[in-house]
Amino acid sequence: MQTSANKQTVVRPHFEIVKILDGDGMIVKNIFTNQEEEVRLLGIDAPEIKKSTKSRRDEIEFHLPVQLLIELGCQSMKFLIRKTRNVKSITLIQEVKNLSDRYGRTLAYVLLPNGKTLNEILIRQGYAKPYNHVYCQELPKYQKLNLMAKIKRKGLYSLTQSF
């Protein structure tokens, strides 16, 4: 992910992951202030891990049983846990136009010490899809990566063609 002045991003280093909540959400803590916040990975969407209004909506939209969608969500969450197991420090990169969602969660790209974002890794490996309801700078890239993951039947796409 490239950051530059003309893209209007806020770079917030010095965080650690406290807890993975699902396939696209986590609790993080500032290592200096110990202040925690809930982060939703910007630009991506993973299936839910429990029955909810969204999982029922997805069941209707994708013609998949809610129990299968929940299993896919659990697999996405397990993948995210594996990818963050030994990560000591992360940086949050936020878009000025997308700082938080309607639930008050911080929207961010989560930058790992190796320079890759968790958001992109989840899309590239087929454990999340682009979130098309809110435009973000990386959305066109995520749409292309998602198509490649689907064609190659990576991650969740090895089990279903949509989620």
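In this report, the structure presented in the accompanying data block is examined. Worth saying up front: this structure is predicted, and the values here are computed from it rather than measured. In every chain, residue numbers begin from 1 and rise along the written sequence. Only residues with pLDDT of 70 or above have their local features reported here, since the model is predicted, and side-chain atom pairs are shown and tallied only from 80 upward, although totals for entire chains, interfaces and linings are computed over all residues. The side-chain figures draw on all heavy atoms in the structure; neither hydrogens nor water molecules are used.

Using protein atoms alone on a 1 Å grid, points that fit a 1.4 Å probe yet trap it form a cavity, whereas open point sets bounded by protein on both sides within 12 Å along at least five of seven lines form a pocket; residues with an atom within 4 Å of a point count as lining. Grid points are joined across faces, edges and corners, and a volume is the space filled by probe spheres set on the points. By volume, the largest pocket is sized at about 1,100 Å³. Secondary structure elements with two or more residues in the lining of the largest pocket: β1 (9-22), β3 (36-41), α1 (53-62), β7 (129-130) and α4 (139-151). Runs of H or I in DSSP of at least four residues are treated as helices and runs of E of at least two as strands, each being numbered from the N terminus. Among the elements that make up the lining of the largest pocket, the one with the highest residue count is α1 (6 residues). Class assignment for the residues of the lining of the largest pocket results in 12 nonpolar, 9 polar and 16 charged. Residue classes follow a fixed rule: Ala, Val, Leu, Ile, Met, Phe, Trp, Tyr, Cys and Pro count as nonpolar, while Asp, Glu, Lys and Arg count as charged, and any other residue, Gly among them, counts as polar.

This part is about the sheet that holds β3. As summarised here, the arrangement of the 5 strands in space is β1-β2-β3-β6-β5, forming a closed barrel in which the pairing is mixed. The average angle at which neighbouring strand axes cross in this sheet is 60°, direction not considered. In this analysis, two residues are considered to be in contact whenever any of their non-hydrogen atoms come within 4.5 Å of each other. A fitted line through C-alpha atoms serves as each axis, taken over the contacting stretch for helices, and the angle formed by two N-to-C directions is quoted from 0 to 180°. Strands in contact with helix α2 (residues 66-84) are β1 and β2 (25-30); relative to β1, the strand with the most contacts, it is inclined by about 120°. At least two bridges found by DSSP between two strands are what make those strands a pair.

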